[in-house]
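Architecture at a glance
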Amino acid sequence: MGIESVTQLDPARWAGAVAELGTSDAALRQVLHGLPGVDQVGTEARTAGLATRSIKREAKMQALDMAVRMVDLTTLEGADTPGKVRALCAKARRPDPDDPAVGSPVAVASVATAFPSGRASLPVKLADVRDAVQAGADEVDMVIDRGAFLAGRYGQVYEEMQQVREVCGNAHLKVILETGELATLDNVSRASWLAMLAGADFIKTSTGKVTPAATPPVTLVMLAAVRDYARVTGRRVGVKVAGGIRTAKDAIRYLVLVRETAGPAWLTPALFRIGASSLLNDLLMQRSKQLTGRYAGPDYFTVD
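This section reports on the structure supplied with the text. Bear in mind the structure is a predicted one, so any value in this text is a computation, not a measurement.

What follows is about the pattern of salt bridges. Across all of its chains, the model carries 16 salt bridges by this definition. Two residues, Lys 174 and Asp 141, come together in a salt bridge whose shortest N-O distance is 2.7 Å. You can see Lys 174 sitting in strand 3 (residues 172-176) and its partner Asp 141 sitting in strand 2 (residues 139-143), a full 33 residues away along the chain. Take Lys 174 and Asp 141: they sit in the same class, and that class is buried. A salt bridge links Asp 228 to Arg 227; the shortest N-O distance between them is 3.0 Å. In this structure Asp 228 comes out as buried when scored by relative accessible area, which is 2%. By relative accessible area, Arg 227 is classed as buried at 7%. Connected via shared salt-bridge partners are Asp 72, Glu 139, Asp 141, Lys 174, Lys 204, Lys 240 and Arg 273.

Here it is, written out as structure tokens:
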């Protein structure tokens, strides 16, 4: 697969690693650098092979329905207005105007912690999170300080995530790794484990502001991390991919990757999301084609 399972190591070590060793830079380095190394060539070969899987018509329809439910509609522009946000929520509730079976209740997510840079003092970050939760956010997306992580200041990054988790209260915490700036797949694995150990409910690839954003190899590494973390601790953490996923074909490839890496348990919006607003219309058009035998025009569905 290109990545060795952590569960081949001593499970007790991972279950209580932070409690036993502490959260200093040195202690966390011992934990994170003790993870199995990621074989980049093998990981890329694995994702390329999974991308060639063919899917039968019935399974494709199920995959399209599933992907629609997994899409997080997002707007992060300085010119956003209350009207634009209301329209976005309306589309989430009823994305296909002729099919009430497509859609879901709306939960509200907010970015925080000096998004997208993650470079601010901890009190400022916590105040940002507190404001979001008090305003009604059901989920908070925080960004890690990539500079601190890459400099080996793991204790600082861990402490920030842990305190943000505490301020979130009942709101879910999604930790954005910004994998395009982490340089190596080993760092993606380490950042994934650090976030999960600090209490993340989801780990997320990217802000969408950095290229590359989500990629299949990065996603495989993150999925393997959540799989192994669940096996060791009993707690399931979700994965969100964001940035660069624009077609239904892309989305289905990611669903195959989820099933074959983390397993079928992750094939639910509670544990896997796709952050790509422009993707939704293509999913709806492909779904319409499967149902009716013809494509709906691109203007049939609302523009994001």
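The discussion continues.
The next subject is the environment of Leu 223. Take Leu 223: it is sitting in helix 11 (residues 216-233). In this structure, the C-alpha to C-alpha distance between Leu 223 and Trp 266, residues 43 residues apart in sequence, is 9.1 Å. Dropping the residues within four chain positions of it, Leu 223 is found in contact with Val 239, Leu 257, Val 258, Thr 261 and Ala 262.

Right, let's talk about the nonpolar core for a bit. The biggest cluster of nonpolar side chains holds 81 residues, and the ones touching the most others in it are Met 161, Val 175, Leu 194, Phe 272 and Leu 283. The dominant element in this core, judged by the number of residues it contributes, is helix 11, at nine residues. When residues no more than four places from it in sequence are discounted, the contact partners of Phe 272 are Met 70, Phe 202, Val 239, Val 241, Tyr 254, Leu 255, Val 258 and Trp 266.

This part takes up the pairing of strand 3. Regular strands show a simple pattern: their side chains alternate between the two faces of the sheet. Counting buried residues in strand 3 gives four out of five residues, a clear majority hidden from the surface. Two elements, strand 3 and strand 4 (residues 202-204), share three bridges in a ladder whose sense is parallel. When the sheet's bridge partners are listed, Val 175 is paired in strand 4 with Ile 203. Traced from strand 3 through helix 10 (residues 185-197) to strand 4, the parallel crossover comes out right-handed.

As a further point, take the packing of helix 5 (residues 57-70) against helix 13 (residues 279-292). For any two helices packed against each other, one specifies the inter-axial angle together with the distance between the axes. Interaxial distance between helix 5 and helix 13 falls to 10 Å at its minimum, and their mutual angle equals 150°. For the pair helix 5 and helix 13, the sense of crossing is left-handed. Here helix 5 contributes Arg 57, Lys 60, Met 61, Leu 64, Asp 65, Ala 67 and Val 68 to the contact with helix 13, which in turn contributes Leu 280, Leu 283, Leu 284, Gln 286, Arg 287, Gln 290 and Leu 291.

Reading guide: rules and limits
Residues numbered from 1 in each chain as written. Predicted model: local features only at pLDDT ≥ 70, side-chain atom pairs only at ≥ 80, totals over all residues. Heavy atoms only, no water. Salt bridge = Lys/Arg side-chain N within 4 Å of Asp/Glu carboxyl O. Helix = DSSP H or I, 4+ residues; strand = E, 2+ residues; numbered from the N terminus. Buried < 20%, exposed > 50% of the residue type's maximum accessible area, 1.4 Å probe, protein only. Contact = heavy atoms within 4.5 Å. Core = buried A, V, L, I, M, F, W, Y, C linked by side-chain atoms within 4.5 Å. Pairing = 2+ DSSP bridges. Right-handed = clockwise from strand over helix to strand, strands pointing away. Axes fitted to C-alpha atoms, helices over the stretch in contact; angles between N-to-C directions. Left-handed = near helix turned anticlockwise from the far one by under 90°.

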